[in-house]
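Here is how the chains run, residue by residue.
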Amino acid sequence: MLTQDTRFCLPVKILEKQWAEKLLDGSVFMRSIYDFRIMDNSFRGDINEGMLRNINPKIGDSFFNNAFSQEEKDIVQNFWYIDEDLQFFKIYCMYCLTYNASKKEFERPDERIKNFGDTAVIIRNGKEFTQRVVQGLFNRFGDNVNFDMKEVSYYDISKDFGDFGIFWKGKGYAWQSELRMAVALLDSHTIKIDENGDKLGLLVDSTDPIKLEIGNIRDIAIAITTKDLVNLKLPAGMVLPDLQEIKKQKK
């Protein structure tokens, strides 16, 4: 049963028009986490990308407590670990246009998403788009790749302590409502299969981006201006995700 809290996501890629046309033609460009760490703008760069664990400085842990004097610990406001291996992951960031199933309406995006570009490519069939990306990865890298996709969750670094990872960002970025694909390229000479059937192996230590060609996606995507997206001036007759499928996922 759908409740008033039931929402689902329609993926949207926001970028400049020239690159939007490239995407519609089938070019998918993934940057490494490293690139996002070093970007020097307030809406895209994040030095905390890849944060593995956030430690409460009032409690600490074995390393923190032994590495600093009490005087030093008293002035530390935040202490966290960054997983340096995560810098080699490639990510593809999209905006999650949320639809409230109870109210039968989309939720209005934050004005700041205009910073990402003047064009919004709405992926009308997210499942098909994901399948084409995964197939593109397989065509290029074979089995030497791990893929995951989730909505990003947001933490308050001053009070949310514990384990985090590649699908977490600081709450200051929550307005981005990000849906993220994450790709790890593996060294084919080190791959092993664990008891759960998951592939284990060393990451290829390259921060080079990935460019995939997945074929024309105009059958499952449509471009509008970012201004129209923010104002929810959406294409007439835009196909929404199957509510029956959502009901199955909720069970």
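In case you missed it, the structure is sitting above this.
Residues numbered from 1 in each chain as written. Predicted model: local features only at pLDDT ≥ 70, side-chain atom pairs only at ≥ 80, totals over all residues. Heavy atoms only, no water.

A. Inspection of the overall build of the protein chain at higher detail. Counting its regular elements, the protein chain contains seven helices and 16 strands. The buried share among the 251 residues of the protein chain stands at 42%. Total accessible area on the protein chain is roughly 14200 Å²; 49% of this is exposed by carbon and sulfur atoms. (Helix = DSSP H or I, 4+ residues; strand = E, 2+ residues; numbered from the N terminus. Buried < 20%, exposed > 50% of the residue type's maximum accessible area, 1.4 Å probe, protein only. Areas by Shrake-Rupley, 256 points an atom, 1.4 Å probe, with all protein chains shown as cover.)

B. Layout of the pattern of salt bridges. Evaluated as defined, the whole model comprises twelve salt bridges. Within the structure, one salt-bridge network assembled from shared partners comprises Lys17, Glu21, Asp25 and Arg218. (Salt bridge = Lys/Arg side-chain N within 4 Å of Asp/Glu carboxyl O.)

C. Main features of the nonpolar core. Counting residues in hydrophobic clusters, the biggest one holds 26 residues, and the most contacted among them are Val28, Met30, Phe129, Val133 and Ile217. Those elements that provide at least two residues to this core are β1 (7-15), α1 (17-25), β2 (27-32), β5 (90-100), β7 (119-123), α5 (126-141), β12 (178-185) and β15 (210-213). If near-sequence neighbours (up to four positions away) are discounted, Phe129 is found in contact with Leu23, Val28, Tyr92, Met94, Ile123, Met181, Ile214, Ile217 and Ile220. Counting residues in each nonpolar core, the second largest holds 16 residues, with Leu10, Val12, Ile113 and Ile224 among its members. (Core = buried A, V, L, I, M, F, W, Y, C linked by side-chain atoms within 4.5 Å. Contact = heavy atoms within 4.5 Å.)

D. Looking closely at α1. What α1 keeps buried is the set Ala20, Leu23 and Leu24. All buried residues of α1 project into a common sector of 100° when viewed along the axis, lining one side. Against β1, β2, β5, β7, α5 and β16 (221-225) lie the buried residues of α1. (Arc of directions from axis to C-beta.)

E. Main features of the pairing of β1. Counting buried residues along β1, eight of its nine residues qualify, which places the element largely inside the surrounding structure. Two strands pair when backbone bridges link them, and β1 and β5 are joined in this way by six bridges, in the antiparallel orientation. Bridge pairing in β5 links Leu10 to Leu97. Strand direction decides the pairing type here: β1 and β7, joined by four bridges, are antiparallel. Each residue of the ladder has a partner; that of Lys13, found in β7, is Val121. (Pairing = 2+ DSSP bridges.)

F. Representation of the state of the cysteines in the model. Per the counting criterion, the structure on display carries one disulfide. Between Cys9 and Cys96 runs a disulfide, and the two sulfur atoms are separated by 2.2 Å. A residue pair is termed long-range when its members are at least 10 positions apart, and Cys9 in strand β1 and Cys96 in strand β5 qualify at 87 residues. This pair shows no difference in class: Cys9 is buried, exactly as Cys96 is. (Disulfide = S-S within 2.5 Å.)

G. Here's a closer look at the side chain of Thr226. As for its position among the elements, Thr226 is in helix α6 (residues 226-230). Judged by its relative accessible area of 1%, Thr226 is buried. Once residues within four sequence positions are removed from consideration, Thr226 is found in contact with Ile14, Ile113, Lys114, Gly117, Asp118, Thr119 and Ala120.

H. Seen up close, α5. With 16 residues, α5 should reach 22 Å at 1.5 Å per residue; the first-to-last C-alpha distance of 22 Å fits that figure. Considered for burial, the residues of α5 that qualify are Phe129, Thr130, Arg132, Val133, Gly136 and Leu137. Seen end-on, α5 carries its buried residues on one side only, within an arc spanning 160°. Across α5 from its buried face, at more than 90 degrees, point the exposed residues Lys127 and Asn139. Positive backbone phi, at 65°, marks Gly142, one or two positions downstream of α5. (Expected span 1.5 Å × (residues − 1).)

I. Spatial organisation of the packing of aromatic side chains. Inspection of every chain in the model, using the stated rule, returns four aromatic pairs. On the basis of an interplanar angle of 40° and a centroid distance of 6.4 Å, the ring pair of Tyr92 and Phe129 is categorised as tilted. Residue Tyr92 is found in strand β5, and its partner Phe129 is found in helix α5; the two are separated by 37 residues along the sequence. You'll find Tyr92 and Phe129 in the same group, each marked buried. Aromatic ring contacts, followed pair by pair, group Phe8, Tyr99 and Phe106 into a single cluster. Lying across the ring of Tyr92, Lys13 places its NZ or CZ 4.3 Å from the centre. Seen from the ring of Tyr173, Lys169 lies directly overhead, with NZ or CZ sitting 4.3 Å from the centre. (Phe/Tyr/Trp six-rings, centres within 6.5 Å; stacked < 30°, edge-to-face > 60°. Lys NZ or Arg CZ within 6 Å of the ring centre and 35° of its normal.)

J. Just the environment of Thr6, in detail. Mapping Thr6 onto the fold places it in the segment before β1. For Thr6, a relative accessible area of 3% corresponds to the buried category. Sequence spacing of Thr6 and Ser102 is 96 residues, and the spatial spacing of their C-alpha atoms is 7.0 Å.

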